[in-house]
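Examining the three-dimensional arrangement
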Amino acid sequence: YLYALDPADGSILWRSTALISEGSTESVAFAEDGDVIAGSGDRLSRIDRVDGSTVWQVSRTCPTSNGCQAAVYGESVYIWEARPGGPGITAFDIADGSRRYSSPPIAPGIIQQVGPLCGPDGSVYAARTMNNPSTDFFTSLTDTGTGFVENWRVPMGYTPFASFGVGPDGTVYTYSRADEVIRLDPTTGAILDRSDPIVYDSTFSPRMAIDAEGRVYLTNG
């Protein structure tokens, strides 16, 4: 279940009617009115912000655990879905949960352990990560209203269970194959800045947050 807590004292306000099944590094997204979007496991759910009741719930496919998280922009919900030829991005209507359309496979393979994200201009970013240089790219897509158009793709490192970020100026942050944080131009995908290589132990699984002034906060997994 999903629980809502009172910010003043931590008391439980409600428990969701619907069961959700999220991976250890997944989280929820939100509709514009504050309803919760949970893109977990074999279902995609919209949960009422006031009482935790189920607004709608639909079946979906998820490539692998920790690749089920949903992203929201405007009236659309975006998720990865498994399909022959490799996972792609599917758009759902946020009002009623109806399935709209899907992209072609972003790259072949099965493993996909990070969710998509959206930029402030509506760009959908698909971070494909499978520990294979032939498949692992950070891809920008435009939702045309009837399908997806690929804008650009940039090689990225293997970062399972990672999170990504968008700065206050709209630039987008991902990770290079040299284990650097890189900042990309949202229009062209050009690399604007890069960090020193990040030190880590066995697997580079960074988690990121960016504040309103553009400071980047990073854990190395």
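This text follows the structure it describes.
This write-up is about the structure you can find in this document. Computed from a predicted model, the values in this text were never measured in an experiment.

If you look at the biggest cluster of nonpolar residues, it comprises 19 residues, and the most contacted ones within it are Phe138, Trp152, Phe164, Tyr175 and Leu184. Of all the elements in the fold, those that place two or more residues in this core are strand 12 (124-127), strand 14 (148-155), strand 16 (172-175) and strand 17 (181-184). In this view, Phe164 contacts Val114, Leu117, Ala127, Phe138, Met156, Thr159, Tyr173, Thr174, Tyr175 and Met208; residues no more than four positions away in its chain are not counted. The next biggest cluster of nonpolar side chains, apart from the first, holds 12 residues, and it includes Ala71, Trp80, Val124 and Ala126.

Attention now moves to the pattern of salt bridges. Side chains bearing opposite charge may pair, as long as their charged atoms lie close to each other. Scanning the model with the defined rule gives 13 salt bridges in all. One salt bridge connects Glu180 with Arg194, and the closest N-O pair in it is separated by 2.6 Å. In this pair, Glu180 is assigned in the loop between strand 16 and strand 17 and Arg194 in strand 18 (residues 191-194), connecting sequence segments 14 residues apart. Here Arg194 falls in the partly exposed class, since its relative accessible area comes to 48%. Several salt bridges converge on common partners, so that one network encompasses Asp33, Asp35, Arg46 and Arg49.

A word on the sheet that holds strand 6 (residues 54-59). The strands that make up a sheet are held in pairs by hydrogen bonds between backbone atoms, and each pair lies either parallel or antiparallel. Strand order in this open sheet of four strands is 3-4-5-6, and the pairing throughout is antiparallel. In the strand order of this sheet, the two ends are held by strand 3 (29-30) and strand 6, each with one partner. Alignment of strand 3 against strand 4 (residues 36-38), held across two bridges, turns out to be antiparallel. Within the sheet, the bridge partner assigned to Phe30 lies in strand 4 and is Val36.

What is meant by a disulfide is a covalent connection between two cysteines, made through their sulfur atoms. In total, this model carries one disulfide according to the counting rule given. Here Cys62 connects covalently by a disulfide to Cys68, the sulfurs 1.9 Å from one another. Judged by the sign of its S-S torsion, about -95 degrees, the bond between Cys62 and Cys68 is left-handed. Just as Cys62 is buried, Cys68 falls in that class too. As a non-bridged cysteine, Cys118 has Cys68 as the owner of its nearest cysteine sulfur, 17 Å distant. Cys118 gets classed as buried once you look at its relative accessible area, which sits at 18%.

Our next topic: the packing of aromatic side chains. Scanning the entire structure with this criterion turns up nine aromatic pairs. Seen in terms of ring centroids, Tyr125 and Trp152 are 6.0 Å apart; in terms of plane orientation they differ by 40 degrees. Their pairing is tilted. Placement of the pair is Tyr125 in strand 12 and Trp152 in strand 14, with a sequence separation of 27 residues. Both residues of the pair, Tyr125 and Trp152, count as buried. Taking the centre distance of 5.7 Å and the plane angle of 80 degrees together, the rings of Tyr175 and Phe204 count as edge-to-face. With a gap of 29 residues between them, Tyr175 in strand 16 and Phe204 in the loop between strand 18 and strand 19 (207-210) connect regions that are remote in the sequence. Among the aromatic side chains, those forming a connected cluster through ring pairs are Tyr125, Phe138, Trp152, Phe164, Tyr175, Tyr200 and Phe204. Over the aromatic face of Phe137 sits the side chain of Arg153, whose NZ or CZ is 5.6 Å from the ring centroid. If you follow Arg177 out to its NZ or CZ, it ends over the ring of Phe137, 5.1 Å from the centre.

This brings us to the sheet that holds strand 9 (residues 88-93). The four strands are arranged 7-8-9-10 in an open sheet whose pairing can be described as antiparallel. Lying at the two open borders of the sheet, with one neighbouring strand each, are strand 7 (71-73) and strand 10 (99-102). Put simply, the sheet's adjacent strands are angled 30 degrees from each other on average, direction ignored.

Here we take up a nonpolar patch on the surface. A contiguous nonpolar surface patch, about 520 Å² in accessible area, is contributed by Tyr1, Tyr3, Leu5, Ile12 and Leu19. Among the structural elements, Tyr1 can be located in the segment before strand 1 (3-5). Given a relative accessible area of 41%, Tyr1 falls into the partly exposed group.

Turning next to the environment of Phe148. Its location among the elements puts Phe148 in strand 14. Using a relative accessible area of 14% as the deciding quantity, one classes Phe148 as buried. For Phe148 and Ala91, which are 57 residues apart along the polypeptide, the C-alpha to C-alpha distance reads 9.3 Å. Not counting residues up to four positions away in its chain, the partners in contact with Phe148 are Tyr78, Ile89, Ala91, Tyr101, Ser102, Ser103, Val124, Leu141, Thr142 and Asp143.

Criteria and thresholds
Chains are numbered independently. Their residues run from 1 in the order of the written sequence. Reporting in this predicted model follows two pLDDT cut-offs: at least 70 for local features of residues, and 80 or more for side-chain atom pairs to be given and counted; totals over whole chains, interfaces and linings ignore these cut-offs and use all residues. Think of the side-chain values as coming from all heavy atoms in the structure, minus any hydrogens and water. Nonpolar cores are built from buried Ala, Val, Leu, Ile, Met, Phe, Trp, Tyr and Cys residues. Side-chain atoms within 4.5 Å join them into one set. The classification of residues rests on relative accessible area computed with a 1.4 Å probe and restricted to protein chains. Under 20% of the type maximum is buried, over 50% is exposed, and intermediate values are partly exposed. Per the convention used, a helix needs a DSSP run of H or I reaching at least four residues, while a strand needs a run of E reaching at least two, with both numbered from the N terminus. Should any heavy atoms of two residues lie within 4.5 Å, those residues are considered in contact. Basic side-chain nitrogens of Lys or Arg form a salt bridge, by our definition, when they fall within 4 Å of a carboxyl oxygen of Asp or Glu. Strand pairing follows a simple DSSP-based rule, namely that at least 2 bridges must link the two strands. Two cysteine sulfurs form what is called a disulfide whenever their separation falls within 2.5 Å. Pairing of aromatic rings covers Phe, Tyr and the six-membered ring of Trp, with a centre-to-centre limit of 6.5 Å; geometry is then stacked below 30 degrees between planes, edge-to-face above 60, and tilted otherwise. Two limits define a charge over a ring: the Lys NZ or Arg CZ must be within 6 Å of the ring centre, and within 35 degrees of the ring normal. What counts as an axis is a line fitted to C-alpha atoms, over the stretch in contact for a helix, and the angles between N-to-C directions run from 0 to 180 degrees. Patches here: salt-bridge-free residues with over 30% relative accessible area, like charges joined within 9 Å, nonpolar side chains (Val, Leu, Ile, Met, Phe, Trp, Tyr) joined within 5 Å. Working definition of accessibility: Shrake-Rupley area with a 1.4 Å probe, residue cover restricted to the visible protein chains.

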